[in-house]
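Tertiary structure, described
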Amino acid sequence: MLLIFTTGGRRKSKAEGLYSIDFLAMSIRFLRKNGCKLPIEVFSFSDEITFLEKRRILSFSSIEAPVEIRTVDDKRNILPLDKVADGNRWHVKIGAILNSRFEHIIALDSDTMSVVNPEFLFESVEYKATGAIFWPDFWKTHARNPVWNWLNMTCIDEFEQESSVMVIDKRKSWKPLLLVWFWNQSAESRKFVNSFLHGDKDHFRFAWHVTKTPFFMVQNMMAIGGMEMEDASFCGLSILQRHPSMKDIILFAHINLMKYRHFSFSEFNDNNPLLSKMKMYVDDLPLTWVHPPGGEPGTLKSFARWQSISTKLGFIGNTFCVDFREVGSRKVKVVSFPDKEFVQGLTKQYHSRAQWGIHWS
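Residues numbered from 1 in each chain as written. Predicted model: local features only at pLDDT ≥ 70, side-chain atom pairs only at ≥ 80, totals over all residues. Heavy atoms only, no water.

Right, let's get into the overall build of the chain. What the chain contains, in helices and strands, is 9 helices and 19 strands. Restricting to contacts in the chain with at least 6 residues of sequence separation, those with at least 24 account for 73%. (Helix = DSSP H or I, 4+ residues; strand = E, 2+ residues; numbered from the N terminus. Contact = heavy atoms within 4.5 Å.)

Turning our attention to unusual backbone geometry. You will see that Asn-152, though not glycine, has its phi angle at about 55°, which is positive. One can find Asn-152 in the loop between helix H5 (147-150) and strand E8 (159-161). Taking the relative accessible area as the measure of exposure, Asn-152 reaches 73% and is therefore exposed. At Leu-275, a residue that is not glycine, the phi angle is positive and equals roughly 60°. Relative to the assigned elements, Leu-275 resides in the loop between strand E13 (250-254) and strand E14 (277-281). (Buried < 20%, exposed > 50% of the residue type's maximum accessible area, 1.4 Å probe, protein only.)

Per the counting criterion, the structure on display carries 1 disulfide. Here Cys-235 pairs with Cys-321 through a disulfide, and the sulfurs are 2.1 Å apart. Looking down the S-S bond of the Cys-235 and Cys-321 bridge, the torsion is -90°, so its handedness is left-handed. Within this pair, whereas Cys-235 is found in strand E12 (residues 234-242), its partner Cys-321 is found in strand E18 (residues 319-324), the two being separated by 86 residues in sequence. The two residues Cys-235 and Cys-321 agree in class, both being buried. (Disulfide = S-S within 2.5 Å.)

For strand E2 (residues 40-44), the buried fraction is high: 5 of the 5 residues fall into the buried class. Burial along E2 is two-sided: Ile-40, Val-42 and Ser-44 and Glu-41 and Phe-43, pointing in opposite directions, are all buried. In the classification by handedness, the crossover that spans E2, the intervening helix H2 (residues 51-58) and the parallel strand E3 (residues 67-71) is right-handed. (Right-handed = clockwise from strand over helix to strand, strands pointing away.)

Bringing the side chain of Ser-276 into the picture now. Position of Ser-276 among the secondary structure elements: in the loop between E13 and E14. Overall, the relative accessible area of 12% leaves Ser-276 in the buried class. For Ser-276, the residues in contact, after removing those within four places along its chain, are Gly-226, Met-227, Val-335, Ser-336, Phe-337 and Val-343.

The N-to-C vectors of helix H1 (residues 20-33) and H2 enclose an angle of 10°; their axes lie 10 Å apart at closest approach. Regarding the angle of H1 to H2, the classification is roughly parallel. The residues of H2 that touch H1, namely those facing Ile-21, Asp-22, Leu-24 and Ala-25, are Glu-53, Arg-56 and Ile-57. Of the residues contributing to the contact of H1 with H2, the split by class is 4 nonpolar, no polar and 3 charged. (Axes fitted to C-alpha atoms, helices over the stretch in contact; angles between N-to-C directions. Parallel < 35°, antiparallel > 145°, perpendicular 65-115°, else oblique. Nonpolar A, V, L, I, M, F, W, Y, C, P; charged D, E, K, R; others polar.)

In this section: the packing of helix H3 (residues 92-99) against helix H6 (residues 174-183). Relative placement of two packed helices is described by the angle separating their axes and the distance separating the axes. One can describe the packing of H3 onto H6 by two numbers: an axis separation of 10 Å at closest approach and a directional angle of 140°. One way to sum up the angle between H3 and H6 is to call them oblique. As H3 runs across H6, the sense of the crossing is left-handed. Here Ile-94, Ile-97 and Leu-98 of H3 lie close against H6, whose contacting residues are Leu-177, Leu-178, Val-180 and Trp-181. Here the residues of the contact of H3 with H6 sort into 7 nonpolar, no polar and no charged. (Left-handed = near helix turned anticlockwise from the far one by under 90°.)

Shape is all these values report; function is a separate question.
And the structure:
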């Protein structure tokens, strides 16, 4: 059993936001604070983590809860994947999963924070029945997207995959995992597949579909975690993923928009902490997809408008936010984040920029 943190991706400058290594340090602290002692393998490409950063990561390691640093382009790996100059490094994720020493995997992006100890997922009914648990994204793949013809599939009315967290039994899932690796083994292949799929996230979902390998897609709609701005508007900064069977329990906070920090630290504090609020739809109406009115979408990758949910991205002042909008009679609500200790810890760690030696008690 294992937790993997994939730290691939474009390194952010300090002017743009935090380094992925800062998020990684925050995420490991939350795991250990919540009592998770599973061994952790940190995967990246060989030029991504400096010597001092390695020391910082390994400072979290102990005999009871080890942390190891590995690289996906190590030629000693069973299936190495090279980093090439093709604009992204998303394929680090499949390289990490396949080359991990472990059979049972919880794969986390470095900017995904565990609100609770996730070890129980390996014993969940959903995992034991299928061998894979995936979580939904905001969007749905358009019916005219070329992927359906390419894979000889009929359009499926389902949410795309939000792959910042996945639980995978490699023994049960070896066929789709090797297919994802095949799609990502070269820059040319990745460029082709990503011309109609948005990065790595839906590689997994479609690979499971086309190989007819079972998986469980969590049916509890995600919430948005954020905070109230000075003008009382809601600014969403995180995708909050729920328990597979208990919708009131938040398991993970993917703080993806906090990577692109456009706001000053003065906009949040102990009285207005990060992720202090959650926005969600009031009820659980069926999420039925509808086609866009008029126009020819061509090779549009995804489509974020359907009968019972609508999502928007945009700036509130200088802050880039995500938000849910009311659709017809379907209303939204804003409530306080239930785990105040998590909110306080996240605010404190983010405000300190997760520097070496910063610990919260």
